[in-house]
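These are the residues of each chain, in order.
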Amino acid sequence: MVPRSAKGHRFFQIQTVKEIIPIMFRTRILWYVPVLLALSITGPQAAEVQPAAPAAPASGEIVAKVNGINIMEDQMEEEIEMLIQNLGQNIPPQLLPQIKPQMYKQALDSLISKMLLKSVAQEKNITINPDDVEKQYEKFKKQFPSEERYKEILAAQNVTEEEIRKRIAESPDLLYSKVLNTQAPEPDATTEEEVKKYYDDHIENMKQQESVTASHILLQFDGDPDEAEKAALKTKLEGIRKDIVDGKISFEDAAKQFSNCPSSAQGGNLGEFTRGKMVPEFEKVAFAAKVGEISPVFETQFGYHIVKVAEHQEEKTYPYDEIKDRIREFLEQREQAETHKAYIAKLRETAKIETLITEEAWKAKFAPARSPAAPGDMQIQVDPNSLKQ
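Residues numbered from 1 in each chain as written. Predicted model: local features only at pLDDT ≥ 70, side-chain atom pairs only at ≥ 80, totals over all residues. Heavy atoms only, no water.

## Section: the environment of Leu233
Inference 1: Within the secondary structure layout, Leu233 lies in helix H10 (residues 227-245).
Inference 2: Residues Leu233 and Leu219 lie 14 residues apart in sequence; the distance between their C-alpha atoms is 7.0 Å.
Inference 3: Excluding residues within four positions of it along the chain, Leu233 makes contact with Leu219, Gln220, Phe221 and Tyr304. (Helix = DSSP H or I, 4+ residues; strand = E, 2+ residues; numbered from the N terminus. Contact = heavy atoms within 4.5 Å.)

## As for helix H5 (residues 130-142)
Three or four residues apart is the spacing at which side chains of an α-helix point the same way, because the helix has 3.6 residues per turn.
Inference 1: Here H5 contains 13 residues, and its C-alpha end-to-end distance of 19 Å stays within 8% of the 18 Å for a straight helix at 1.5 Å per residue.
Inference 2: When H5 is considered as a whole, its buried residues turn out to be Asp132, Val133, Gln136, Tyr137, Phe140 and Lys141.
Inference 3: Sitting at the head of H5, Asn129 places a side-chain oxygen 3.0 Å from the backbone nitrogen of Asp131. (Expected span 1.5 Å × (residues − 1). Buried < 20%, exposed > 50% of the residue type's maximum accessible area, 1.4 Å probe, protein only. Polar contact = N/O pair within 3.5 Å; in protein donor to acceptor, adjacent residues only side chain to side chain.)

## Overview of the sheet that holds strand E6 (residues 211-220)
Inference 1: Spatially, E7-E6-E9-E8 is the arrangement adopted by the 4 strands of the open sheet, whose pairing is antiparallel. Among the strands making up the open sheet, the edge pair consists of strand E7 (269-274) and strand E8 (298-300). Taken pair by pair, the neighbouring strands of this sheet meet at an average axis angle of 45°, ignoring direction.
Inference 2: Of the strands in this sheet, E6 and strand E9 (303-313) are in contact with helix H11 (residues 251-258), which crosses E6 at around 40°.
Inference 3: The sheet strands contacting helix H12 (residues 280-288) are E6, E7, E8 and E9, and the helix crosses E8 at an angle near 145°. (Pairing = 2+ DSSP bridges. Axes fitted to C-alpha atoms, helices over the stretch in contact; angles between N-to-C directions.)

## A look at the pattern of salt bridges
Inference 1: The final tally for this structure, using the stated rule, is 24 salt bridges.
Inference 2: With its nearest N and O atoms 3.2 Å apart, the salt bridge here joins Lys207 to Glu204.
Inference 3: By relative accessible area, Lys207 is classed as partly exposed at 24%.
Inference 4: On the accessibility criterion, Glu204 (56% relative accessible area) is exposed. (Salt bridge = Lys/Arg side-chain N within 4 Å of Asp/Glu carboxyl O.)

## Thoughts on the pairing of E9
Inference 1: Judged from the 10 bridges that link them, E6 and E9 form a sheet pairing that is antiparallel. Residue pairing across strands places Val212 opposite His312, the latter belonging to E9.
Inference 2: Relative to E9, E8 runs antiparallel, the two sharing 3 bridges. When the bridges of E9 are listed, Phe298 appears paired with His305.
Inference 3: The hairpin formed by E8 and E9 contains 2 residues between the paired strands.

Next comes the structure, spelled out in C-alpha coordinates:
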(Lines give C-alpha, C1' and ligand atoms only; values in the text may rest on other atoms or scores of the structure.)
Protein backbone atom coordinates (compact mmCIF):
# COMPACT_ATOMS: atom_id res chain seq x y z
CA MET A 1 0.00 0.00 0.00
CA VAL A 2 1.00 3.64 -0.06
CA PRO A 3 1.05 4.79 3.56
CA ARG A 4 0.34 8.48 4.17
CA SER A 5 3.61 8.74 6.06
CA ALA A 6 5.66 6.82 3.51
CA LYS A 7 9.16 8.04 2.92
CA GLY A 8 11.12 6.58 0.08
CA HIS A 9 10.07 3.30 -1.44
CA ARG A 10 7.61 1.80 1.00
CA PHE A 11 4.42 0.89 -0.75
CA PHE A 12 3.55 -2.57 0.45
CA GLN A 13 4.97 -4.77 3.13
CA ILE A 14 4.11 -8.37 3.89
CA GLN A 15 3.58 -8.76 7.59
CA THR A 16 6.42 -10.83 8.93
CA VAL A 17 6.07 -13.67 11.37
CA LYS A 18 8.05 -11.65 13.91
CA GLU A 19 5.48 -8.88 13.56
CA ILE A 20 2.61 -11.37 13.81
CA ILE A 21 3.94 -13.30 16.81
CA PRO A 22 3.09 -10.57 19.36
CA ILE A 23 -0.63 -11.18 18.77
CA MET A 24 -0.47 -14.84 19.71
CA PHE A 25 -1.40 -14.21 23.34
CA ARG A 26 -5.05 -13.18 23.09
CA THR A 27 -5.38 -12.87 26.86
CA ARG A 28 -2.81 -10.25 27.62
CA ILE A 29 -1.13 -10.38 30.96
CA LEU A 30 -1.66 -6.85 32.18
CA TRP A 31 1.41 -6.15 34.24
CA TYR A 32 1.57 -2.42 34.07
CA VAL A 33 -1.75 -0.68 33.68
CA PRO A 34 -5.33 -1.64 32.85
CA VAL A 35 -5.91 -1.48 29.12
CA LEU A 36 -9.30 -0.34 27.89
CA LEU A 37 -9.57 -1.65 24.37
CA ALA A 38 -11.39 0.42 21.78
CA LEU A 39 -14.03 -1.45 19.82
CA SER A 40 -13.00 -1.09 16.22
CA ILE A 41 -14.80 -2.05 13.04
CA THR A 42 -13.17 -5.44 13.18
CA GLY A 43 -14.42 -6.09 16.68
CA PRO A 44 -12.58 -5.98 19.98
CA GLN A 45 -8.99 -6.84 19.35
CA ALA A 46 -6.91 -8.72 21.83
CA ALA A 47 -4.14 -6.77 23.41
CA GLU A 48 -0.69 -7.82 22.45
CA VAL A 49 2.17 -9.51 24.23
CA GLN A 50 5.65 -9.96 22.80
CA PRO A 51 6.78 -13.49 23.65
CA ALA A 52 10.37 -13.58 24.73
CA ALA A 53 13.01 -15.23 22.64
CA PRO A 54 14.85 -18.16 24.23
CA ALA A 55 16.17 -16.79 27.50
CA ALA A 56 19.85 -15.95 27.63
CA PRO A 57 21.69 -15.98 30.94
CA ALA A 58 20.89 -12.77 32.81
CA SER A 59 23.77 -10.35 33.11
CA GLY A 60 24.68 -6.98 34.50
CA GLU A 61 23.89 -5.65 37.94
CA ILE A 62 20.90 -6.73 40.02
CA VAL A 63 18.23 -4.04 39.75
CA ALA A 64 15.68 -5.56 42.13
CA LYS A 65 14.66 -8.77 43.90
CA VAL A 66 11.14 -10.19 44.07
CA ASN A 67 10.67 -12.98 46.61
CA GLY A 68 14.32 -13.85 46.09
CA ILE A 69 14.15 -13.78 42.27
CA ASN A 70 16.62 -11.37 40.71
CA ILE A 71 15.70 -8.76 38.11
CA MET A 72 18.88 -8.10 36.19
CA GLU A 73 20.04 -5.05 34.29
CA ASP A 74 19.81 -6.72 30.89
CA GLN A 75 16.25 -7.85 31.65
CA MET A 76 15.34 -4.23 32.30
CA GLU A 77 16.84 -3.18 29.00
CA GLU A 78 14.92 -5.90 27.14
CA GLU A 79 11.70 -4.90 28.89
CA ILE A 80 12.21 -1.27 27.92
CA GLU A 81 12.74 -2.31 24.30
CA MET A 82 9.49 -4.28 24.41
CA LEU A 83 7.56 -1.41 25.98
CA ILE A 84 8.79 0.97 23.31
CA GLN A 85 7.77 -1.54 20.64
CA ASN A 86 4.32 -1.87 22.19
CA LEU A 87 3.81 1.87 21.97
CA GLY A 88 3.26 1.27 18.27
CA GLN A 89 5.02 4.48 17.31
CA ASN A 90 7.73 5.16 14.76
CA ILE A 91 10.13 6.77 17.20
CA PRO A 92 13.09 8.54 15.60
CA PRO A 93 16.27 6.62 16.49
CA GLN A 94 17.93 9.79 17.78
CA LEU A 95 15.28 10.07 20.51
CA LEU A 96 15.68 6.53 21.85
CA PRO A 97 18.67 7.33 24.10
CA GLN A 98 16.51 10.00 25.78
CA ILE A 99 13.42 7.82 26.09
CA LYS A 100 15.00 4.67 27.53
CA PRO A 101 16.26 6.13 30.83
CA GLN A 102 12.80 7.58 31.49
CA MET A 103 11.07 4.20 31.20
CA TYR A 104 12.59 2.77 34.37
CA LYS A 105 9.36 2.73 36.38
CA GLN A 106 7.22 1.14 33.64
CA ALA A 107 9.81 -1.56 32.97
CA LEU A 108 10.44 -2.33 36.64
CA ASP A 109 6.71 -2.53 37.43
CA SER A 110 6.27 -4.90 34.52
CA LEU A 111 9.13 -7.15 35.58
CA ILE A 112 8.05 -7.16 39.23
CA SER A 113 4.62 -8.40 38.16
CA LYS A 114 6.17 -11.09 36.00
CA MET A 115 8.46 -12.24 38.81
CA LEU A 116 5.50 -12.37 41.19
CA LEU A 117 3.74 -14.71 38.78
CA LYS A 118 6.93 -16.73 38.34
CA SER A 119 7.12 -17.03 42.12
CA VAL A 120 3.53 -18.36 42.22
CA ALA A 121 4.38 -20.86 39.46
CA GLN A 122 7.35 -22.13 41.46
CA GLU A 123 5.35 -22.32 44.68
CA LYS A 124 2.43 -24.19 43.11
CA ASN A 125 4.51 -26.22 40.63
CA ILE A 126 2.72 -24.75 37.61
CA THR A 127 4.46 -25.65 34.37
CA ILE A 128 3.81 -25.53 30.63
CA ASN A 129 2.87 -28.79 28.93
CA PRO A 130 2.50 -29.69 25.23
CA ASP A 131 -1.27 -29.15 25.37
CA ASP A 132 -0.73 -25.55 26.55
CA VAL A 133 1.60 -24.93 23.63
CA GLU A 134 -0.77 -26.46 21.10
CA LYS A 135 -3.75 -24.46 22.37
CA GLN A 136 -1.76 -21.26 22.11
CA TYR A 137 -0.53 -22.23 18.67
CA GLU A 138 -4.13 -22.70 17.48
CA LYS A 139 -5.02 -19.26 18.87
CA PHE A 140 -2.07 -17.85 17.01
CA LYS A 141 -3.21 -19.35 13.72
CA LYS A 142 -6.71 -17.94 14.16
CA GLN A 143 -5.31 -14.42 13.95
CA PHE A 144 -4.77 -14.95 10.23
CA PRO A 145 -7.61 -14.53 7.74
CA SER A 146 -7.08 -18.00 6.29
CA GLU A 147 -4.89 -21.11 6.43
CA GLU A 148 -3.59 -20.17 2.99
CA ARG A 149 -2.52 -16.71 4.13
CA TYR A 150 -0.85 -18.17 7.21
CA LYS A 151 1.22 -20.62 5.21
CA GLU A 152 2.04 -17.91 2.67
CA ILE A 153 3.56 -15.69 5.37
CA LEU A 154 5.49 -18.57 6.92
CA ALA A 155 6.90 -19.51 3.52
CA ALA A 156 7.80 -15.89 2.72
CA GLN A 157 9.74 -15.66 5.99
CA ASN A 158 11.23 -19.15 5.70
CA VAL A 159 9.75 -20.15 9.07
CA THR A 160 8.21 -23.53 9.85
CA GLU A 161 5.21 -24.32 12.02
CA GLU A 162 7.46 -26.23 14.39
CA GLU A 163 9.63 -23.16 14.84
CA ILE A 164 6.53 -21.19 15.82
CA ARG A 165 5.58 -23.88 18.33
CA LYS A 166 9.12 -23.84 19.71
CA ARG A 167 9.03 -20.08 20.20
CA ILE A 168 5.67 -20.31 21.96
CA ALA A 169 6.99 -23.03 24.27
CA GLU A 170 10.09 -20.99 25.11
CA SER A 171 8.22 -17.78 25.85
CA PRO A 172 7.86 -17.13 29.60
CA ASP A 173 4.69 -15.16 28.85
CA LEU A 174 2.81 -18.42 28.32
CA LEU A 175 3.64 -19.49 31.88
CA TYR A 176 2.60 -16.11 33.30
CA SER A 177 -0.66 -16.32 31.38
CA LYS A 178 -1.32 -19.81 32.75
CA VAL A 179 -0.75 -18.63 36.31
CA LEU A 180 -3.25 -15.81 35.87
CA ASN A 181 -5.81 -17.99 34.15
CA THR A 182 -5.63 -20.70 36.82
CA GLN A 183 -5.03 -18.66 39.99
CA ALA A 184 -6.82 -15.34 39.56
CA PRO A 185 -10.54 -15.23 40.44
CA GLU A 186 -12.99 -15.67 37.58
CA PRO A 187 -14.73 -12.42 36.61
CA ASP A 188 -18.50 -12.18 36.69
CA ALA A 189 -20.28 -13.25 33.52
CA THR A 190 -21.25 -10.42 31.17
CA THR A 191 -25.02 -10.01 30.90
CA GLU A 192 -27.09 -9.27 27.81
CA GLU A 193 -28.12 -5.96 29.39
CA GLU A 194 -24.47 -4.92 29.76
CA VAL A 195 -23.76 -5.79 26.14
CA LYS A 196 -26.76 -3.82 24.86
CA LYS A 197 -25.91 -0.82 27.04
CA TYR A 198 -22.36 -0.76 25.70
CA TYR A 199 -23.70 -0.89 22.15
CA ASP A 200 -26.13 1.98 22.76
CA ASP A 201 -23.56 4.09 24.62
CA HIS A 202 -20.91 3.63 21.91
CA ILE A 203 -23.03 3.61 18.79
CA GLU A 204 -20.57 5.90 17.00
CA ASN A 205 -17.91 3.21 17.38
CA MET A 206 -20.15 0.53 15.88
CA LYS A 207 -19.45 1.58 12.34
CA GLN A 208 -17.67 -0.12 9.51
CA GLN A 209 -15.58 2.52 7.82
CA GLU A 210 -15.76 3.01 4.10
CA SER A 211 -13.08 0.86 2.49
CA VAL A 212 -11.84 -0.44 -0.82
CA THR A 213 -9.97 -3.59 -1.78
CA ALA A 214 -7.65 -2.76 -4.63
CA SER A 215 -4.59 -3.64 -6.66
CA HIS A 216 -2.20 -1.30 -8.41
CA ILE A 217 0.71 -1.13 -10.79
CA LEU A 218 3.46 1.38 -10.07
CA LEU A 219 6.18 2.63 -12.36
CA GLN A 220 8.46 4.31 -9.88
CA PHE A 221 10.31 7.57 -10.42
CA ASP A 222 14.07 7.09 -10.55
CA GLY A 223 15.45 9.88 -8.41
CA ASP A 224 14.29 13.29 -9.61
CA PRO A 225 13.27 12.74 -13.25
CA ASP A 226 12.94 15.57 -15.73
CA GLU A 227 9.75 16.17 -17.69
CA ALA A 228 10.90 14.07 -20.65
CA GLU A 229 11.66 11.08 -18.41
CA LYS A 230 8.31 11.43 -16.65
CA ALA A 231 6.48 11.62 -19.98
CA ALA A 232 8.20 8.44 -21.18
CA LEU A 233 7.29 6.61 -17.96
CA LYS A 234 3.67 7.73 -18.22
CA THR A 235 3.47 6.64 -21.88
CA LYS A 236 4.84 3.23 -20.92
CA LEU A 237 2.18 2.75 -18.23
CA GLU A 238 -0.56 3.91 -20.58
CA GLY A 239 0.59 1.22 -22.98
CA ILE A 240 0.47 -1.41 -20.22
CA ARG A 241 -3.01 -0.24 -19.29
CA LYS A 242 -4.17 -0.53 -22.93
CA ASP A 243 -2.85 -4.09 -23.17
CA ILE A 244 -4.79 -5.01 -20.01
CA VAL A 245 -8.00 -3.41 -21.28
CA ASP A 246 -7.57 -5.13 -24.68
CA GLY A 247 -7.18 -8.49 -22.96
CA LYS A 248 -3.59 -9.08 -24.03
CA ILE A 249 -2.44 -9.52 -20.44
CA SER A 250 -4.20 -9.74 -17.08
CA PHE A 251 -3.83 -6.99 -14.49
CA GLU A 252 -2.20 -9.44 -12.10
CA ASP A 253 0.36 -10.67 -14.64
CA ALA A 254 1.12 -7.11 -15.70
CA ALA A 255 1.73 -6.14 -12.07
CA LYS A 256 4.10 -9.07 -11.59
CA GLN A 257 5.97 -8.18 -14.77
CA PHE A 258 6.12 -4.39 -14.65
CA SER A 259 5.25 -2.96 -11.22
CA ASN A 260 8.06 -1.57 -9.06
CA CYS A 261 6.00 -2.01 -5.89
CA PRO A 262 6.73 -5.01 -3.63
CA SER A 263 3.01 -5.83 -4.00
CA SER A 264 3.86 -7.00 -7.52
CA ALA A 265 4.56 -10.45 -6.05
CA GLN A 266 0.85 -10.61 -5.15
CA GLY A 267 -0.27 -9.34 -8.54
CA GLY A 268 -0.39 -5.79 -7.22
CA ASN A 269 -2.86 -6.67 -4.47
CA LEU A 270 -2.88 -4.07 -1.67
CA GLY A 271 -5.69 -5.69 0.28
CA GLU A 272 -8.39 -3.67 2.01
CA PHE A 273 -7.79 -0.14 3.27
CA THR A 274 -9.85 2.73 4.62
CA ARG A 275 -9.65 6.47 4.04
CA GLY A 276 -6.60 8.15 5.52
CA LYS A 277 -4.29 5.17 4.95
CA MET A 278 -2.94 6.22 1.57
CA VAL A 279 -1.37 9.37 0.21
CA PRO A 280 -4.15 11.76 -0.88
CA GLU A 281 -3.61 11.39 -4.63
CA PHE A 282 -3.84 7.62 -4.39
CA GLU A 283 -6.85 7.67 -2.07
CA LYS A 284 -8.79 10.05 -4.33
CA VAL A 285 -8.50 7.76 -7.35
CA ALA A 286 -9.02 4.47 -5.46
CA PHE A 287 -12.22 5.60 -3.74
CA ALA A 288 -13.61 7.16 -6.93
CA ALA A 289 -12.89 4.18 -9.20
CA LYS A 290 -15.69 1.83 -10.20
CA VAL A 291 -15.41 -1.78 -9.12
CA GLY A 292 -13.76 -3.92 -11.78
CA GLU A 293 -12.59 -1.02 -13.93
CA ILE A 294 -9.01 0.15 -14.36
CA SER A 295 -8.28 3.76 -13.49
CA PRO A 296 -6.53 6.17 -15.83
CA VAL A 297 -2.82 6.68 -15.20
CA PHE A 298 -2.22 9.08 -12.32
CA GLU A 299 0.76 10.50 -10.48
CA THR A 300 1.85 10.45 -6.84
CA GLN A 301 5.15 11.39 -5.25
CA PHE A 302 6.32 7.81 -5.90
CA GLY A 303 5.64 7.54 -9.61
CA TYR A 304 2.78 6.72 -11.98
CA HIS A 305 0.02 4.28 -11.02
CA ILE A 306 -3.04 2.52 -12.32
CA VAL A 307 -5.55 1.05 -9.88
CA LYS A 308 -8.12 -1.72 -10.11
CA VAL A 309 -10.74 -1.85 -7.36
CA ALA A 310 -12.11 -5.30 -6.54
CA GLU A 311 -14.56 -4.24 -3.81
CA HIS A 312 -15.90 -1.00 -2.36
CA GLN A 313 -17.61 -1.12 1.04
CA GLU A 314 -19.66 1.90 2.08
CA GLU A 315 -19.72 3.05 5.69
CA LYS A 316 -22.41 1.35 7.74
CA THR A 317 -23.48 0.91 11.33
CA TYR A 318 -23.38 -2.69 12.48
CA PRO A 319 -26.77 -4.03 13.65
CA TYR A 320 -26.76 -5.09 17.29
CA ASP A 321 -27.35 -8.76 16.55
CA GLU A 322 -24.42 -8.83 14.16
CA ILE A 323 -21.88 -7.39 16.59
CA LYS A 324 -23.12 -8.35 20.05
CA ASP A 325 -20.86 -11.40 20.34
CA ARG A 326 -17.79 -9.28 19.67
CA ILE A 327 -18.93 -6.70 22.22
CA ARG A 328 -19.41 -9.48 24.77
CA GLU A 329 -15.91 -10.79 24.07
CA PHE A 330 -14.46 -7.31 24.48
CA LEU A 331 -16.28 -6.69 27.77
CA GLU A 332 -15.22 -10.07 29.12
CA GLN A 333 -11.59 -9.40 28.19
CA ARG A 334 -11.76 -5.99 29.83
CA GLU A 335 -13.24 -7.46 33.01
CA GLN A 336 -10.64 -10.21 33.02
CA ALA A 337 -7.90 -7.59 32.65
CA GLU A 338 -9.17 -5.78 35.74
CA THR A 339 -9.37 -9.07 37.65
CA HIS A 340 -5.80 -9.91 36.70
CA LYS A 341 -4.62 -6.47 37.71
CA ALA A 342 -6.28 -6.86 41.13
CA TYR A 343 -4.72 -10.32 41.58
CA ILE A 344 -1.23 -8.98 40.88
CA ALA A 345 -1.83 -6.06 43.25
CA LYS A 346 -2.75 -8.54 45.97
CA LEU A 347 0.43 -10.53 45.36
CA ARG A 348 2.46 -7.36 45.76
CA GLU A 349 0.94 -6.72 49.20
CA THR A 350 2.66 -9.77 50.70
CA ALA A 351 5.71 -9.97 48.46
CA LYS A 352 9.25 -9.15 49.52
CA ILE A 353 10.44 -6.61 46.95
CA GLU A 354 13.89 -5.03 47.20
CA THR A 355 15.02 -2.28 44.85
CA LEU A 356 18.80 -2.18 44.52
CA ILE A 357 19.13 0.36 41.68
CA THR A 358 16.87 3.37 42.13
CA GLU A 359 15.25 5.32 39.32
CA GLU A 360 17.68 8.19 39.86
CA ALA A 361 20.66 5.84 39.69
CA TRP A 362 19.25 4.18 36.56
CA LYS A 363 18.77 7.53 34.81
CA ALA A 364 22.25 8.65 35.80
CA LYS A 365 23.78 5.43 34.48
CA PHE A 366 21.95 5.39 31.15
CA ALA A 367 21.45 9.07 30.43
CA PRO A 368 22.75 9.93 26.95
CA ALA A 369 25.96 11.87 26.78
CA ARG A 370 25.28 15.54 26.16
CA SER A 371 27.00 17.16 23.27
CA PRO A 372 27.65 20.90 23.41
CA ALA A 373 24.56 22.70 22.18
CA ALA A 374 24.86 25.42 19.58
CA PRO A 375 23.53 28.83 20.63
CA GLY A 376 19.76 28.80 20.41
CA ASP A 377 19.50 25.00 20.30
CA MET A 378 16.80 23.51 22.48
CA GLN A 379 17.27 20.18 24.23
CA ILE A 380 14.35 17.84 23.49
CA GLN A 381 12.76 16.26 26.53
CA VAL A 382 10.44 13.31 25.89
CA ASP A 383 7.85 11.85 28.21
CA PRO A 384 7.17 8.25 27.11
CA ASN A 385 3.51 8.62 28.05
CA SER A 386 3.15 11.43 25.53
CA LEU A 387 3.94 8.95 22.75
CA LYS A 388 0.81 6.94 23.48
CA GLN A 389 -2.30 7.67 21.52
